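Working through the structure, step by step
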Amino acid sequence: MFKEFAKGLSITLKHLLPGHSTTVEYPKQRLEIAPRFRGLHRLVPAQDREKCVACYLCPTVCPAKCITVESEENEKGEKYPRVYEIDLLRCIFCGYCVEACPVEAIEMTSAYELANFKRGDFMYDKARLLKS
Ligand code: SF4
Ligand code: SF4
């Protein structure tokens, strides 16, 4: 029994040594984000507009039903999202919207510091998503 106790204690003491810490001093220190991390969404811009063609695939596949798209045609007869909104309070960051998009118009960034004070600030409209 003493042997097991000593073994457990040695593991604990090992983590007290410099360089063996399992935590970081956030926000001074930040962990490296995994390449496939799914953070805040971003609408990809094209030349003079967003790449999105308002096909409604992403709101259709979204399991949380947190994407709102309203399409309209521009003067060239091209469809574009007059309204594109994501309610981050409902989003489960599954990435299905990104997978479903036929024109790669939406992607997920590594941004994870998404805390806010007001519920309304979790509603990301087209302008915010183009900037994120
Ligand atoms: S990540 Fe998932 S839950 Fe969030 S908007 Fe995309 S499809 Fe919906
Ligand atoms: S982001 Fe992609 S999937 Fe969603 S409406 Fe636009 S074009 Fe369609």
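Treat the numbers as computed from the prediction; the structure is a model and nothing was measured.

1. Some thoughts on the UniProt feature "binding site: [4Fe-4S] cluster 1" (unreviewed entry) in the protein chain
Mapped onto the present numbering, the UniProt feature "binding site: [4Fe-4S] cluster 1" (unreviewed entry) falls at C52, C55, C58 and C101. What stands out for the annotated residues spanning 50 residues is how close their C-alpha atoms remain, the widest pair being 10.4 Å apart. Considering the arrangement of structural elements, one finds C101 in the loop between α3 (96–100) and β4 (106–108). Relative accessible area serves as the criterion here: at 16%, C101 is assigned to the buried category.

2. What about the nonpolar core?
Counting residues in each nonpolar core, the largest one holds 22 residues, and the members touching the most others are C66, I67, Y84, I86, L88 and I106. Going through the elements one at a time, β2 (67–73) and β3 (79–87) are the ones with two or more residues in this core. Setting aside residues no more than four positions away along its own chain, I106 makes contact with H41, R42, L43, V44, Y84, I86, C97, V98 and C101.

3. Observations concerning the environment of Q29
Relative to the elements of secondary structure, Q29 occurs in the loop between α1 (2–14) and β1 (41–43). Residue Q29 is classed as partly exposed on the basis of its relative accessible area of 40%. With 12 residues separating them along the chain, Q29 and L17 place their C-alpha atoms 18 Å apart.

Calculation criteria
- Residues numbered from 1 in each chain as written.
- Chains lettered and ligands numbered in written order.
- Predicted model: local features only at pLDDT ≥ 70, side-chain atom pairs only at ≥ 80, totals over all residues.
- Heavy atoms only, no water.
- UniProt positions renumbered as here; feature names shortened; annotations may be inferred.
- Helix = DSSP H or I, 4+ residues; strand = E, 2+ residues; numbered from the N terminus.
- Buried < 20%, exposed > 50% of the residue type's maximum accessible area, 1.4 Å probe, protein only.
- Core = buried A, V, L, I, M, F, W, Y, C linked by side-chain atoms within 4.5 Å.
- Contact = heavy atoms within 4.5 Å.

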